[in-house]
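Remarks on the overall topology
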Amino acid sequence: MSSSPAQKLKPSHILPILPPPLAEIDIKNALKAGEQIELVLHDGTTLSGTLQKFQRDEKSISVAVDGGATQDIAFTRFRYFQLPQPRAWAPEQLAPEKAAQPANQGSRILQYRIELKDGSTLSDVTLGYRSDAGGLYLYPMLPNQRYCHAFVPHTSTEQYRLTPAEAPADAAAEVAEAVEVPLVDDSAEVHAAALKNVETTEALEEVLRHHKAAPKLRLGEILVKEKFITQQNLDDALEAQKLYRTQGKNMQIGQVLMELGTINMGEIMQALSEKLGIPFIDLGKFKINPEAIKYIPEDLVRKHGIVPVHYFNNKLVIALENPMDREALDAVRFHSNLYVEPVMASKEEIEHTITTLYSMSAIESESLDDFTLGYDDTEKDGKEEEYGETSVQDNVIVKLVNKIIIDAYQQGASDIHIEPYPGKKKTIVRIRKDGDLKNYYEIPAKMRSAVVARIKIMAELDISEKRKPQDGKIDFKKFGMLKIELRVATIPTAADMEDVVMRILASGEPVPLEKIGLSERNMTALKRMISKPYGLIFVCGPTGSGKTTTLHSVLGYLNTPDVKIWTAEDPVEITQRGLRQVEVKPKIGFNFAAAMRSFLRADPDIIMVGEMRDKETTSIGIEASLTGHLVLSTLHTNTAPETVTRLLDMGMDPFNFADALIGILAQRLAKRLCVACKVPFEPTEEEIREMVAEYCYELVAPTAPEDEKQALYDTVLKEWREKFTTNGKFTLYHPKGCKTCDDTGYKGRLGIHELLYATNALKKQILDHAQVSEMLALGLQEGMRTLKQDGIEKVLQGITDLHTVRTVCIK
């Protein structure tokens, strides 16, 4: 879904179908042929003309387009349409006694929010609404007691919500009677149960996906039904409410109940959740999606008392005590530029969660006066008492380690490096972001042993063993509310110190195959490769080059109900519904080879193996691919042709290997230019010529005649001008630096790829044990583009720069 904020249907963008359900307006004032119409298509263009027919059952309309012929337009082709003629209404027409409403119609003045399938959202106030099999009929209100009409077909709608438009700003005051709008016909009991039993992100998504306002019950009735109070308690409160009114105190029923001591705020909040149709979550049990944490800064969280709990479909879900807090919701929308969905939680749980997630202020108040950024090797005079390893549970040490991990994750880091130094020199903490290491914190020398010991305890390592390296994992959900894992490695260094390196393994959703950055050529070839029913496909590259992400994107593309997919991973970093995922445990002998042997007895169609690092695993993979299975795996090699040589050097039978191989995808991650500050420039002809020569380096031999080289250069340059120029001019970009990218000029990374297809000619070369250079020449001849060539094409697209491509490519 789009990350654009909700937009209002403006007066010039809305109008008629049937009159508002509560307005006693003659049917002649409703939709009729000849009305002016504005129709917004899915690509954002607007058609204007006159309406000829509205055929709800056929799900189409006929429009005489201005300056053109009449067109029949199916509902599936447009987002919504509007009729730009305002209608008048009178406030007395809203009196509820003047119209008995069917169950599927709205009432009074409502706030609507519609999330469209194309990613946009619509939001405004409507004078009632209607809904039928065709779509949603809205009557947005205009100044001077006027309204207009709009129609949004169900075929364009992802989900929608209608709630009372004028809600109190204070949650405690929201206990007054309110008119609720049931949007679906689920039973009240089922809906109420769903709202109250939300402990996972999956359950939360399900509730929000079918979100509707609760049945038409008053708060007091809900409290009685839920057995928070008795009917006698409610009757007493109603009498007290009347008494308060005679004294000039206009108190809501919930406030009266609290004043009488009958009920507390927590119980009211749960009832209010049902009343408003908004989920109530227990933050103590709920598994917060770490992706959500990135979108709201700590100061905004603390200022408004909110907790980001989930992110999905470009929608940010936040927990707050008062779901009607307009100031908080608007602030989050403005900062995140996302559709924001509120859920409810108790004030105590919110405060506790904020303290857990954002605890540096507490750390800094507990004797970390010398906790600074940057390098300072100055040794202080005097003795300081060092935190011993027995202090690993100390509040300061616990919060410090949690804060380092949380901050690194929020900043998008992939690795955390803890680097102690001897004497009184401070321990350096560095994080790797977008491939580069940068300074993060300096920890006082007195804390170094306790910090390392704390991390080792979290990873279940032996804190008494300092002479040899150890490795383990941290399930951070046990310590700091974030659902992430960290792979931990400790390494002994000089002066009896220990370095710690933690790799952040954030569980998340797979990236769609179309969004991993493959060129059109490579995308077509890869889809052809993975459509094979059996065979062997490798994704290769160095550590941290995105191989696992690419494999999961492929699996997401192949993941259908009629396919059985098994994966063996170390560890499971990305989870997908429909996959059967296994985490190998080498310490107990359950390695990749053992996992594959068990998979072959479990009726697989597709097998994904995290890495083929030894002869046994690779041999089983080849055998599995030859017996009717599609096998996907990774390998740590630099280029696609080199992968073939590496596997043959492992001792693979070239006949079986050549028969099994479908293709090899090599990849790197290059830094992406910051879109907020990159500076365009027009390169000179000489610069373009140099890029062409660099691009063609592998395509023509250095000893080739100059006229042959020139002919190739001219051909490539002609292709570039057709694909990458505007008005015959190239536009490239320089990095600049801004607040968005921490003044680096780069933000995020993109994939650079090299795809080698296993043609018959390549398979013959495998059988002949051909050299890497020979396989490279064949691949280029058959249309392969090297990593450098793919990177240069992305420079020409303005995504990155040539310096970055040269940095990550070998040649």
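In case you missed it, the structure is sitting above this.
First, a word on scope: everything that follows refers to the structure included in this document. (Residues numbered from 1 in each chain as written. Predicted model: local features only at pLDDT ≥ 70, side-chain atom pairs only at ≥ 80, totals over all residues. Heavy atoms only, no water.)

1. Some words on the environment of Glu 509
Note that Glu 509 resides in the loop between strand 19 (497-506) and helix 15 (520-530). The exposed category is assigned to Glu 509, whose relative accessible area is 64%. Beyond its immediate sequence surroundings of up to four residues, Glu 509 is in contact with Ile 574 and Thr 575. (Helix = DSSP H or I, 4+ residues; strand = E, 2+ residues; numbered from the N terminus. Buried < 20%, exposed > 50% of the residue type's maximum accessible area, 1.4 Å probe, protein only. Contact = heavy atoms within 4.5 Å.)

2. Some thoughts on the sheet that holds strand 22 (residues 579-583)
Spatial strand order, 22-21-23-24-20-25-30: 7 strands in an open sheet with mixed pairing. Each having just a single partner strand, strand 22 and strand 30 (746-757) make up the two edges of the open sheet. Strand-to-strand twist in this sheet, taken as the mean axis angle between neighbours without regard to direction, amounts to 20°. Both strand 23 (residues 606-609) and strand 24 (residues 630-635) contribute to a ladder of 4 bridges, which runs parallel. For Met 608, the partnering residue across the bridge sits in strand 24 and is Leu 632. The sheet strands contacting helix 15 are strand 20 (535-540), strand 24, strand 25 (661-673) and strand 30, and the helix crosses strand 30 at an angle near 60°. (Pairing = 2+ DSSP bridges. Axes fitted to C-alpha atoms, helices over the stretch in contact; angles between N-to-C directions.)

3. Quick word on the sheet that holds strand 13 (residues 339-344)
A sheet is described by the order of its strands in space; here 3 strands give the open sequence 11-12-13, paired in mixed fashion. Either end of the sheet is taken by a strand with one partner, and the two such strands are strand 11 (306-312) and strand 13. Sheet twist, expressed as the mean angle between neighbouring strand axes with direction ignored, is 30°. Two elements, strand 12 (residues 315-320) and strand 13, share 6 bridges in a ladder whose sense is parallel. Bridge assignment links Leu 320 to a residue of strand 13, and that residue is Met 344. The strands touched by helix 10 (residues 347-357) within the sheet are strand 11 and strand 12, with strand 11 carrying the most contacts at an inclination of about 75°.

4. Let's talk about the nonpolar core
Counting 64 residues, the largest nonpolar core has Val 309, Ile 416 and Met 502 as the members making the most contacts within it. Counting residues per element, this core draws most heavily on helix 12 (residues 395-410), at 9 residues. Setting aside residues up to four positions removed in sequence, Ile 416 forms contacts with Ile 404, Ile 405, Ala 408, Val 429, Arg 430, Ile 431, Leu 486, Val 500, Val 501, Met 502 and Ile 504. Leu 536, Val 584, Leu 762 and Leu 776 belong to the second largest nonpolar core, which has 42 residues in total. (Core = buried A, V, L, I, M, F, W, Y, C linked by side-chain atoms within 4.5 Å.)

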